[in-house]
Amino acid sequence: MTQDEHPLVTKYREFSPASEALHERARKVFPGGDTRSSAHFAPYPLTITEASGCVMKDADGHEVLDFMNNFTSLVHGHARPEIVESVQKQIALGSAYGATSQNQIDLAEIITERIPSVDQMRFTSSGSEGTTMAIRCARAATGRQKIMKMEGGYHGSFELAEVSLVPMPDSRGDLSEPNSMPLDGSFPDSVLKDTVICPYNEPEMAKNLIEKHHSELAAIIVEPVLGSMGMVPATREFLQTLRDAATANGIILIFDEVISLRINYGGAQKFLGVTPDLTCLGKIIGGGLPVGGVGGRADLMQLFSPDSASPVVHASTFSGNALTMSAGLPAMQAFNEDECNRINVLADKLRDGFNQAFAQAGILGNASGIGSLTNINFSEKPLNDSRDYLDGLLVSKHIGQLLHLGMLRHGVNSASRLMFCTSTAMSDREIEKAIAALQATLDELKPFVETECPELIL
Ligand SMILES: Cc1ncc(COP(=O)(O)O)c(C=O)c1O
């Protein structure tokens with residue numbers, strides 16, 4: 001039996017014939033029927049026709065609760081009325097002026113007030129562009145080339161941002177000095193050579209590696225929560241070690257808060273009390289429209305200033321466009337401390353409920369994460385880094401995929417890597433529904449786990 005013929009995959013196909021038909025059309029115009037690698041999963045993703053609050057409707061008319069929120073970017077869920085109203089107003093006034101607009105300044109004022117490290121900022125059109133500009137700023141500031149990134153860290157759709165993203169056991173090397181590994185066949189050797197890979201959450205090893213490479217390192221870039229590899233939070237001790245070593249060696253410390261910003265009103269850096277030199281932004285600050293940003297210490301950000309002697313050039317057609325600003329502004333205004341705390345508590349309940357569901361089903365599975373960010377993993381021990389997460393994935397074979405498809409049939413959408421995040425559109429009701437969906441999915445899955453992946457039976 002191929003994976004495609006699995007009875008639970010067949011059930012998914014029976015559940016979603018309209019999405020399957022649209023996928024067949026998509027295959028003619030998109031490679032593999034997909035225009036975004038992260039949104040694709042086998043046998044095909046659901047086609048969504050509309051969404052409001054935390055509910056999406058698919059092409060077959062099912063309603064699914066959205067715990068993916070466009071990969072964490074929709075902190076208010078879909079089509080929040082004041083965002084819709086603001087965007088409608090703005091589009092009638094023009095979408096992108098190629099000039100300053102007041103709403104750029106309004107949104108930047110909110111962000112600089114809230115995030116401790118951000119004295120000044122620049123908007124970009126994506127998180128990838130934000131991390132790119134942070135790295136360029138660090139290279140210009142230090143005159144050095146190499147960048148230290150974390151094993152399992154993800155910083156966008158360019159090579160350096162994805163080096164050693166998936167640390168496969170046969171090629172990752174020793175934990176104390178991981179190999180610099182390409183993700184696919186497109187990586188130039190020069191990028192691999194310019195990237196020093198650091199083990200996550202290992203302060204002593206990080207300190208040794210920084211000492212070894214200190215004179216060549218322009219920047220250390222780190223996600224305070226390892227977003228693509230299990231939602232693993234960094235410890236305060238680890239981030240403080242990076243902070244101290246960076247300061248001691250004239251290295252720029254960059255926090256990539258594209259995902260982690262939502263765990264606290266002032267981002268993970270406020271929560272953990274560790275302040276980087278530069279911060280990369282994205283996702284929630286755009287209120288659902290494409291966005292990114294880089295911000296930080298005023299003296300470093302001044303390198304982007306047209307008044308600077310040799311400015312770091314940052315052009316970008318849609319950076320700070322008025323339409324995105326018009327969505328971001330009401331979104332960030334509504335994401336106040338109370339709402340931030342509320343969705344964090346909802347996610348605590350989600351994690352507890354998920355953990356209980358796995359225990360009751362007698363199947364190995366855990367909910368990792370922090371704040372409003374959650375990931376199901378199959379590790380036997382609490383996750384410390386991406387190796388723990390990946391090792392669990394490898395043991396669980398195709399079970400995660402079947403779990404994801406089952407959850408969709410039971411009305412709950414997550415990322416196919418089983419990442420869930422809460423939104424302000426949710427209440428206890430949605431958390432209870434998601435937990436019930438997991439219970440039902442695990443009941444259905446258990447006989448297959450017993451025969452196809454007995455390693456996961458407790
Ligand atoms: C931590 C992190 N940094 C950067 C990016 C890149 O952002 P974008 O997809 O908007 O380019 C992402 C995207 O998921 C991310 O998770």
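Residues numbered from 1 in each chain as written. Predicted model: local features only at pLDDT ≥ 70, side-chain atom pairs only at ≥ 80, totals over all residues. Heavy atoms only, no water.

**Student:** I tried to follow the sheet that holds strand E16 (residues 419-421) on my own but got confused; where do I start?
**Tutor:** Paired through backbone hydrogen bonds, the strands of a sheet run either parallel or antiparallel to each other. Within the open sheet, the three strands sit side by side as E13-E14-E16. Their pairing is antiparallel. Of all the strands in the sheet, the pair left with one neighbour each is strand E13 (366-370) and E16. Here the strands of the sheet are splayed against their neighbours by 25° on average, with no regard to which way each runs. Relative to E16, strand E14 (residues 373-377) runs antiparallel, the two sharing three bridges. Paired with Thr374 across the bridge in E16 is Phe420. The sheet strands contacting helix H14 (residues 337-361) are E13, E14 and E16, and the helix crosses E13 at an angle near 165°. (Pairing = 2+ DSSP bridges. Helix = DSSP H or I, 4+ residues; strand = E, 2+ residues; numbered from the N terminus. Axes fitted to C-alpha atoms, helices over the stretch in contact; angles between N-to-C directions. Contact = heavy atoms within 4.5 Å.)

**Student:** Just to check I follow, could you spell out the layout of surface pockets for this structure?
**Tutor:** Empty space among the atoms can be located by rolling a probe the size of a water molecule over them. In this structure, the largest pocket occupies an estimated 1,400 Å³ of space. For the largest pocket, the lining is made up of 46 residues, of which Ser38, Phe71, Tyr154, Ser228 and Arg417 are closest to its centre. Listed by contribution, the elements that provide at least two residues to the lining of the largest pocket are helix H3 (69-72), helix H6 (127-142), helix H15 (386-396) and helix H16 (399-409). A per-element tally of the lining of the largest pocket places H15 first, with five residues. For the lining of the largest pocket, a count of residues per class yields 19 nonpolar, 20 polar and seven charged. Summarising the domain contributions, the lining of the largest pocket has at least three residues from each of domain 1 (3-75 + 337-456) and domain 2 (81-334). (1 Å grid on protein atoms, 1.4 Å probe; cavity = no way out; pocket = protein on both sides within 12 Å on 5 of 7 lines; lining within 4 Å. Points joined across faces, edges and corners; volume = space filled by probe spheres on them. Nonpolar A, V, L, I, M, F, W, Y, C, P; charged D, E, K, R; others polar. Domains from an automatic or database assignment.)

**Student:** Honestly, the sheet that holds strand E6 (residues 195-198) in this entry has me stumped. Any pointers?
**Tutor:** Read across the sheet, seven strands follow the order E4-E12-E11-E10-E7-E5-E6 without closing on themselves; strand pairing throughout is mixed. Edge strands, defined here as strands with exactly one partner in the open sheet, are strand E4 (120-124) and E6. Taken over all neighbouring pairs, the strand axes of this sheet differ in orientation by 20° on average, direction set aside. By the bridge criterion, three bridges tie strand E10 (residues 252-256) to strand E11 (residues 278-282) in an arrangement that is parallel. Paired with Asp256 across the two strands is Cys280, which belongs to E11.

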